[in-house]
Every structure is written in C-alpha cells, then in structure tokens.
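Here are the chains, one letter per residue:
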Amino acid sequence: ETGVTQTPRHLVMGMTNKKSLKCEQHLGHNAMYWYKQSAKKPLELMFVYSLEERVENNSVPSRFSPECPNSSHLFLHLHTLQPEDSALYLCASSQEWAGYNEQFFGPGTRLTVL
Amino acid sequence: EDQVTQSPEALRLQEGESSSLNCSYTVSGLRGLFWYRQDPGKGPEFLFTLYSAGEEKEKERLKATLTKKESFLHITAPKPEDSATYLCAVQAGGDMRFGAGTRLTVKP
C-alpha cells in the first residue's frame, strides 16, 4: 500500500449505530487530519493530530470521536449520528503540522446516515 | 477572518479551448497556496504549491500563478480527461482553508 488509505470506502448506518472509520498513511508523515466534505461546500477541517497529539478540534459535535494510536493510523468513531452528517469524510496527512507543506488525501469514506 | 473564494463555480469548455480558474484570498501571513484536483467520489490529488507572489509552476497543460491577492490556474488546450473539480487552499499558521472549488467539464 502507498499513500493514504481509508476504510471502509462506503458506509450506511442508522442513527443509533456505532461505527468507526480508519485511515492509514504510508508516507512517514507526522500530522494527520480529518475533513468533512459536503456537496458544494468547502472542505471542513474536523480534527488535527501532530505526533499523535490532538492539536485542534474545530467545534465538532461529540458524536464524532477521533483516535490516533500512532503516527500512521487515525480513526474516527461515530455514534448517534444525524442525517445531516451524511458526507464524504476525508483523511489527510502532511510532513508536519503548521509547516510549509502540502497535505495528501485518502480516497474518502462516503457516509450515509439513515 | 481568512477567506478563499473560487470562481467560476462551474466551467464548461470545448476540447482545446484554453481558460483560467481564479482563486482569490484574504489571509494574514500566507505560508502557501495549494491547488488540488478532485475527481468524483475520490480524495483531492495534490497539484501545486506556490509560496510567494510572482511564482509560477507548470505541469502538463496546467500552469499556476500567484499574486498577493489571487492565484490563477491556467489550462491550455484542455482534454476531456482534465474534467474534474479544482480546489484551491491557503495556509496561514497551522491550518489549510479551502475554497468551494471550480467544477470543470471539457467536452470532446
């Protein structure tokens, strides 16, 4: 595997379910990110981890819970979601956070909340 | 507050018809401006980073330029495979702020 991978690629869940999204980066980067992408809206930054420490939480509802067990893996735990949470969830990584460097994205997880 | 505005929202071109996409920004202390390409159902693919006004970068039919207030992505003689959404993002401080994108369609 190369680059940034995400699983699952598609997820349909009910409002009472609990599920997790997984991201893995094979680039040796130190920073990882979760974004939400809704139709015709800019990417919304949700969480940032640098060297496995959370550095930002942009007012995200508590029904989204991130976890970064090591510098290569990032999870997004989901519970009691709402239909408006349906979106494409993207994971990204970069060499450093707050550095002069680009972010590389995974293919995303298309989430549908019924 | 930092803002990134992309125009037009959508652009339809005939194959071979050159054009430009615009990304205007207001940000304090720009660290970098980034262009990405995103195909439907996929994650954004990195294209270019520009760091200072006057800088230009090229890749195949694409050329990105930067001024103090905006960036242009010039597409020369586009082909149908250039059809995608093009995203612009600026970085000032820690985070990237993205524009809403320009959806480009190139018809044969």
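As a starting point, this report considers the structure included with it.

What counts, and where the lines are drawn
Residues numbered from 1 in each chain as written. Chains lettered and ligands numbered in written order. Predicted model: local features only at pLDDT ≥ 70, side-chain atom pairs only at ≥ 80, totals over all residues. Heavy atoms only, no water. Pairing = 2+ DSSP bridges. Helix = DSSP H or I, 4+ residues; strand = E, 2+ residues; numbered from the N terminus. Axes fitted to C-alpha atoms, helices over the stretch in contact; angles between N-to-C directions. 1 Å grid on protein atoms, 1.4 Å probe; cavity = no way out; pocket = protein on both sides within 12 Å on 5 of 7 lines; lining within 4 Å. Points joined across faces, edges and corners; volume = space filled by probe spheres on them. Nonpolar A, V, L, I, M, F, W, Y, C, P; charged D, E, K, R; others polar. Salt bridge = Lys/Arg side-chain N within 4 Å of Asp/Glu carboxyl O. Buried < 20%, exposed > 50% of the residue type's maximum accessible area, 1.4 Å probe, protein only.

**Some thoughts on the sheet that holds strand β3 (residues 18–25) of chain A**
Residues and elements named next belong to chain A.
- Here 4 strands make up an open sheet; going across it, the order is β1-β3-β8-β7 and the pairing antiparallel. Each edge of the sheet is formed by a strand with only one pairing partner; in this case those strands are β1 (4–7) and β7 (64–70). When the angles between neighbouring strand axes are averaged without regard to direction, this sheet yields 20 degrees.
- Across 7 bridges, β3 lies against strand β8 (residues 73–79) in antiparallel orientation. Across the sheet, residue leucine 21 finds its bridge partner in β8, namely leucine 76.

**Section: the layout of surface pockets**
- Of the volumes computed, that of the largest pocket is approximately 490 Å³.
- Around the largest pocket, the lining is made up of 22 residues, and of these Gln37, Ala39 and Lys40 of chain A together with Gln38 and Thr85 of chain B lie nearest the centre.
- The set of elements that each furnish at least two residues to the lining of the largest pocket consists of β9 (84–91) and β11 (102–107) of chain B.
- The residue inventory of the lining of the largest pocket, partitioned by class, reads 6 nonpolar, 9 polar and 7 charged.
- For the second largest pocket, the calculated volume is near 240 Å³.
- Forming the boundary of the second largest pocket are 13 residues, of which Leu43 and Leu45 of chain A together with Met96, Arg97 and Phe98 of chain B lie nearest the centre.
- Elements supplying a minimum of two residues to the lining of the second largest pocket: β5 (44–50) of chain A together with β10 (96–98) of chain B.
- For the lining of the second largest pocket, the per-class residue count stands at 7 nonpolar, 1 polar and 5 charged.

**Things to note about the pattern of salt bridges**
Residue and element names in this part refer to chain B.
- Inspection of the entire model under this criterion finds 6 salt bridges over all chains.
- Note that lysine 57 is salt-bridged to glutamate 55, the shortest N-O span being 3.8 Å.
- On the basis of relative accessible area, glutamate 55 is assigned to the buried category, the value being 19%.
- Aspartate 82 is the partner of arginine 61 in a salt bridge, and the nearest nitrogen-oxygen pair spans 2.8 Å. With arginine 61 in the loop between β6 (56–59) and β7 (62–66) and aspartate 82 in the loop between β8 (70–75) and β9, this pair connects stretches of sequence that are 21 residues apart.
- Given the relative accessible area of 7%, aspartate 82 is considered buried.

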